[in-house]
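Now for the letters of each chain:
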There are 2 protein chains.
Amino acid sequence: MDERVITAMLPYFQVAFFNPSSPYAPAVAVRRAYEAAKESIARQIGGKADELVMTAGATESVNLAIHQAAGHVIVAATEHHSVLRAAQTKDHTILDVDEHGRVSLDHLRRAIRPDTELISIALANNEIGTIQPLRDIAAMIKEIRIERRAQGNSTRLLLHSDASQGVGQLDIHVARLGVDLLTLNAAKMYGPKQVGLLWASSQVVLRPLLAGGGQEHGVRSGTENVAGVIGFERALTLVSDRRESEVQRLETLKEAMRKELTAAFPDAVLSGHPKHQLAGHLHISFAHLDAERVLFALESRGVLVATGSACAANKGTRSHVLEAIGMSPEVADGSLRITFGHLSSSENTALASRAIIEEVKREYERMHR
Amino acid sequence: MDERVITAMLPYFQVAFFNPSSPYAPAVAVRRAYEAAKESIARQIGGKADELVMTAGATESVNLAIHQAAGHVIVAATEHHSVLRAAQTKDHTILDVDEHGRVSLDHLRRAIRPDTELISIALANNEIGTIQPLRDIAAMIKEIRIERRAQGNSTRLLLHSDASQGVGQLDIHVARLGVDLLTLNAAKMYGPKQVGLLWASSQVVLRPLLAGGGQEHGVRSGTENVAGVIGFERALTLVSDRRESEVQRLETLKEAMRKELTAAFPDAVLSGHPKHQLAGHLHISFAHLDAERVLFALESRGVLVATGSACAANKGTRSHVLEAIGMSPEVADGSLRITFGHLSSSENTALASRAIIEEVKREYERMHR
């Protein structure tokens, strides 16, 4: 977490811990700070404060977004488990992606049925960093809405996007993206864990997952997470303020590492869209390598990389994202997911590149011994 | 929040922010700290760590507990809104209480139908502090289970209790209470907001409210709230360690204020069970008084008291708890809910008593002018 985010949150653990629904003045001041934070968040994503539902993270936001659909739902094969599994509770279609992990507009159009109510496609993928053509998808959905109206089909068609991975690197203005529902997660922008939001256009009627005190306009009961939302606002403001320069900086670091690694291993496979990829994401696979052994060797040198996503990595299962882009198991098992952020510099990137090259070489040598 | 709780949490916002599902050593250390905190919490309530589901607070825990019931549910009329409203999504009975807010075993027995699956009764009430005869209820439920078995009725009958209000003042050992499901909330014990747990006996099969990465044994998806759970453990340990002496201390403070207030206003109505009431709770009503005016006058003198519960207070609605104990509106509207805690001392209690007496007198005089 960004130290400035922690500093912003601390008073709400201490002197300003009041329940914002309490009637006395210090609690009313907490309510005001909470609402002001939501106003600021809303302004930054181009929405209104009363269109925001603060949640315990992206998983809850995604579930809330999908829960409101009664009919058919379409999700991309590369979506996060929360999207895939929430969709599985509905009549659903899982949409294939191309070798770069992108959704095809043609395929999507063909998957949309007259009773399709919701399409959920992440702004950017958490493993390979591929950015989806969300605006084009939104434009197509707009056309289909017009067609439906002409045909007398009154079924709503909504677009939800989990933009957790894009925040701080991509434009997340809801009107420019063309979404009806948007999920964000504080922990993906140097904010606290377990703080998320679902933005829903005022025309969407959400169905609560939790019953209770009726907080968040009745959609999400439970005493408000004041410190968490203050932290969310501060984190979003901080990453938004330096977004352009940070994207440049991360792109440069990634490019430097990419050059070094592909020079050392010309056969390595780069995944993710060559152009439409998050600046901070580098996904590289070394066929037949045991990436886990490399990961542990690197770790002892202070270089922390991942294999699949954190969830999959922990369960010894193969990444559904790599499967969806058609990667063979022997390549997938040799994959490193390398992400750059705040703490990355040209110095530690150069050191990390050298360490990765040495450890991959060592592992290949061990295999051929 | 207790400063020591904040201190315990801080590293998990900083150097130990890793996702506990990541594979590298610093993340594995975070996983271990997370699991150790759950082990400690489980030990303190007499359960096992794998019977705990960490949630975003009592509201989510309560919803999770009630969600698993398919059949008939019974809840007391004085339950928190989260229990009442979650029960309303089921076939349910709302059980009346006596003038002290206690459930009658006879009434409960008569409300139990052959298809009743769940009874949810809070250990102690959040407004009037009445403690329920939970052990007696548990003993009766055990008898009914035996009867059901004899009758060939295989319907499960489970007891859930929201013990959020009792923690730090009452025994919350699950076996001694005799419950099958228990809800706790960190914010009610000087811990962080939006951190709760549901303990469920290993014989209870919970139905997830959220789909996703499959954390908390598949019952509650979403990256674990490591800092929050570390804070929960520390808060629980701290309040448990000094429980007996703190109960004595709070009882003495409350008794001192009770004596002063009832001496000044012999007609004031004390609510809550005279014997079975939380040590830190004093609920007093001044008939025909506008309690809100008194509340604001007190606030300007640094004395923070409440009227109804925080939720109800904010919405201008009358407390359903006071209605359930049969209090007339003109008495209910003159109610002050006074709670004692960490920051209460004999000095500030004496000052608060004097301030309350003066402001209630001033308000009565204004009314009769």
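Quick caveat: nothing in here was measured; it's all calculated off a predicted structure.

> Before we move on, could you go through the overall build of chain A and cite the residues and values that matter?
Helix and strand content of chain A: 14 helices and ten strands. Radius of gyration (C-alpha) of chain A: 22 Å, near the 21 Å computed for a compact globule of 369 residues. Along the three orthogonal principal directions, the C-alpha set of chain A runs to about 70 × 60 × 35 Å. When burial is assessed residue by residue, chain A has 60% of its 369 residues classed as buried. Counting contacts in chain A only where the partners sit at least 6 residues apart, residues at least 24 apart contribute 70% of the total. Side-chain charges of chain A comprise 41 positive and 43 negative groups, with the mean position of each set lying 2 Å from the other.

> For the domain arrangement of chain A, give the residues involved together with the corresponding values.
Residues and elements named next belong to chain A. Partitioning chain A into domains gives domain 1 (3–241) and domain 2 (243–368). Distance between the C-alpha centres of domain 1 and domain 2: 29 Å. In this complex, domain 1 contributes 30 residues to the contact, which on the side of domain 2 involves 26 residues. Both sides of the domain 1 and domain 2 interface together cover about 2400 Å² of buried area, and 58% of this is carbon and sulfur. When residues of domain 1 are sorted by the area they lose upon contact with domain 2, Glu127, Ile128 and Gln169 head the list and together hold 33% of the total.

> Give a detailed account of helix 9 (residues 243–264) of chain B, specifying residues and quantitative values.
Residues separated by three or four positions in an α-helix point in the same direction, a consequence of the helix having 3.6 residues per turn. Residues and elements named next belong to chain B. Given a rise of 1.5 Å per residue, 22 residues ought to cover 32 Å, and the 31 Å separating the end C-alpha atoms of helix 9 matches this to within 8%. What helix 9 keeps buried is the set Glu246, Leu250, Leu253, Lys254, Met257 and Leu261. The buried residues of helix 9 occupy an angular sector of 95° when projected down its axis, which confines them to one face. Away from its buried face by more than 90 degrees, helix 9 exposes Glu244, Gln248, Thr252, Lys259 and Ala263. Elements in contact with the buried residues of helix 9: strand 9 (281–285), strand 10 (335–339) and helix 14 (346–368).

> With reference to specific residues and values, describe the interface of chain B and chain A.
On the chain A side, the residues contacting the 54 residues of chain B number 54 residues. Both faces considered, chain B and chain A share a buried interface measuring about 4500 Å² in area, 62% of it formed by carbon and sulfur atoms. Contact with chain A buries area across many residues of chain B, yet Phe17, Lys193 and Gln194 of chain B alone supply 16% of it, more than any other trio. Along the contact surface separating chain B from chain A lie zero salt bridges.

> Lay out the side chain of glutamine 194 of chain A in plain terms, naming residues and giving numbers.
With respect to the helices and strands, the residue glutamine 194 of chain A is situated in the loop between strand 6 (181–185) and strand 7 (196–200). Here glutamine 194 of chain A is in contact with Thr55, Ala56, Gly57 and Asn225 of chain A together with Ala56, Arg220, Thr223 and Asn225 of chain B, once residues within four sequence places are set aside.

> Give a description of the packing of helix 9 of chain B against helix 14 of chain B that names residues and reports values.
All names here are of chain B. At their nearest, the axes of helix 9 and helix 14 sit 10 Å apart, and the two run at 20° to each other. The orientation of helix 9 with respect to helix 14, classified from their angle, is roughly parallel. Where helix 9 crosses over helix 14, the two elements pack in a sense that is right-handed. Contacts between helix 9 and helix 14 involve Leu253, Met257, Glu260, Leu261 and Ala264 on the former and, on the latter, Ser346, Thr349, Ala352, Ser353, Ile356 and Ile357. In the contact of helix 9 with helix 14, the residues fall into seven nonpolar, three polar and one charged.

> Now, about the relation of the copies chain B and chain A: what can you tell me, with residues and values included?
The two chain copies are related to each other by a rotation about an axis together with a translation along it. It takes a turn of 180° to lay chain B on chain A, together with a shift of 0.0 Å along the axis; the resulting RMSD is 0.0 Å. Such a turn and shift between the copies fits a two-fold axis. Of every C-alpha in chain B, the one belonging to alanine 56 of chain B sits nearest the axis of rotation, 3.1 Å from it. When the interface residues of chain B are mapped onto chain A, 100% of them again lie at the interface, so the same face is used by both copies.

> Lay out the environment of alanine 16 of chain B with the relevant residues and their values.
All names here are of chain B. Among the secondary structure elements, alanine 16 is positioned in the loop between helix 1 (3–9) and helix 2 (25–45). Given the relative accessible area of 14%, alanine 16 is considered buried. Each C-alpha atom of the pair alanine 16 and alanine 227 lies 9.1 Å from the other, and the pair is 211 residues apart in sequence.

> For the side chain of threonine 116 of chain B, give the residues involved together with the corresponding values.
With respect to the secondary-structure elements, threonine 116 of chain B resides in strand 4 (residues 116–120). Apart from residues lying up to four places away in sequence, threonine 116 of chain B is in contact with His72, Ile74, Ala111, Arg148, Thr155, Arg156 and Leu157 of chain B.

> Outline the pairing of strand 2 (residues 72–76) of chain A, supporting the account with residue identities and numerical values.
All names here are of chain A. For strand 2, the buried fraction is high: five of the five residues fall into the buried class. Of the two faces of strand 2, the one holding His72, Ile74 and Ala76 and the one holding Val73 and Val75 are both buried throughout. With four bridges connecting them, strand 2 and strand 4 (residues 116–120) associate as parallel partners. Across the sheet, valine 75 pairs through a bridge with serine 120, a residue of strand 4. Where strand 2 and strand 3 (residues 92–95) come together, four bridges link them in parallel fashion. Looking at strand 3, one finds that isoleucine 74 is bridged to threonine 93. For the crossover that starts at strand 2, traverses helix 4 (residues 81–87) and ends in the parallel strand 3, the hand is right-handed.

> Break down the pattern of salt bridges for me, citing the residues and quoting the values.
Enumeration over the complete set of coordinates arrives at 44 salt bridges over all chains. A salt bridge links arginine 109 of chain B to glutamate 147 of chain B; its shortest N-O distance comes to 3.4 Å. Of this pair, arginine 109 of chain B sits in helix 5 (residues 105–111) while glutamate 147 of chain B sits in helix 6 (residues 134–151), and the two are 38 residues apart along the sequence. Since its relative accessible area comes to 32%, arginine 109 of chain B is described here as partly exposed. Each member of the salt-bridge network shares a partner with another, and the members are Arg301, Glu358, Glu359 and Arg362 of chain A.

> Outline the sheet that holds strand 3 of chain A, listing residues and values.
Residues and elements named next belong to chain A. Ordered by their spatial adjacency, seven strands build an open sheet running 1-7-6-5-4-2-3, and the pairing between neighbours is mixed. Strands at the two margins of the open sheet, each flanked by one partner only, are strand 1 (52–55) and strand 3. Neighbouring strand axes in the sheet, compared pairwise and without regard to direction, differ in orientation by 15° on average. Packed on one face of the sheet, helix 2 (residues 25–45) meets strand 1, strand 6 and strand 7 and runs near 115° to strand 1. Docked against the sheet, helix 3 (residues 58–67) engages strand 1, strand 4, strand 5 (158–162), strand 6 and strand 7, running at close to 170° with respect to strand 6.

> Kindly report on the confidence of the model for chain A, identifying the contributing residues and their values.
Residue and element names in this part refer to chain A. The pLDDT averaged across chain A works out to 95; a share of 98% of its residues lies at or above 70. Between residues 310–314, whose pLDDT stays under 50, and residues either more than four places distant or in other chains, the model counts 15 contacts. The ipTM assigned to the predicted complex is 0.90, against a pTM of 0.93.

> How would you sum up the packing of aromatic side chains? Please name residues and give values.
Enumeration over the complete set of coordinates arrives at seven aromatic pairs over all chains. Ring centres of phenylalanine 18 of chain A and tyrosine 24 of chain A lie 5.9 Å apart, and the angle between their planes is 75°; this geometry places the pair in the edge-to-face category. Ring plane angle 50° and centroid distance 6.4 Å describe the contact between phenylalanine 265 of chain B and tyrosine 364 of chain B, whose orientation is recorded as tilted. Here phenylalanine 265 of chain B, found in the loop between helix 9 and strand 8 (269–271), pairs with tyrosine 364 of chain B, found in helix 14; they are 99 residues apart in sequence, far enough to count as distant. Of the residues examined, phenylalanine 265 of chain B reaches a relative accessible area of 9% and is grouped as buried.

> Describe the sheet that holds strand 10 (residues 335–339) of chain A, with residues and values.
All names here are of chain A. Overall, antiparallel pairing links the three strands, which are arranged 8-9-10 in an open sheet. Strand pairing shows two members of the sheet lacking a second neighbour, strand 8 (269–271) and strand 10, which therefore form its edges. Adjacent strand axes in the sheet meet at a mean angle of 25° when their direction is disregarded. Contacts between helix 9 (residues 243–264) and the sheet are confined to strand 8, strand 9 (281–285) and strand 10, with strand 9 contributing the most and set at about 10° to the helix.

Definitions and cut-offs
- Residues numbered from 1 in each chain as written.
- Chains lettered and ligands numbered in written order.
- Predicted model: local features only at pLDDT ≥ 70, side-chain atom pairs only at ≥ 80, totals over all residues.
- Heavy atoms only, no water.
- Helix = DSSP H or I, 4+ residues; strand = E, 2+ residues; numbered from the N terminus.
- Rg over C-alpha atoms; globule rule 2.2 N^0.38 Å.
- Buried < 20%, exposed > 50% of the residue type's maximum accessible area, 1.4 Å probe, protein only.
- Contact = heavy atoms within 4.5 Å.
- Lys, Arg positive; Asp, Glu negative; His and termini not counted.
- Charge placed at Lys NZ, Arg CZ, Asp CG, Glu CD.
- Domains from an automatic or database assignment.
- Buried area = accessible area lost by both parts, 1.4 Å probe.
- Expected span 1.5 Å × (residues − 1).
- Arc of directions from axis to C-beta.
- Salt bridge = Lys/Arg side-chain N within 4 Å of Asp/Glu carboxyl O.
- Axes fitted to C-alpha atoms, helices over the stretch in contact; angles between N-to-C directions.
- Parallel < 35°, antiparallel > 145°, perpendicular 65-115°, else oblique.
- Left-handed = near helix turned anticlockwise from the far one by under 90°.
- Nonpolar A, V, L, I, M, F, W, Y, C, P; charged D, E, K, R; others polar.
- Least-squares fit on C-alpha atoms with pLDDT ≥ 70 in both.
- Pairing = 2+ DSSP bridges.
- Right-handed = clockwise from strand over helix to strand, strands pointing away.
- pLDDT = per-residue confidence, 0-100.
- Phe/Tyr/Trp six-rings, centres within 6.5 Å; stacked < 30°, edge-to-face > 60°.

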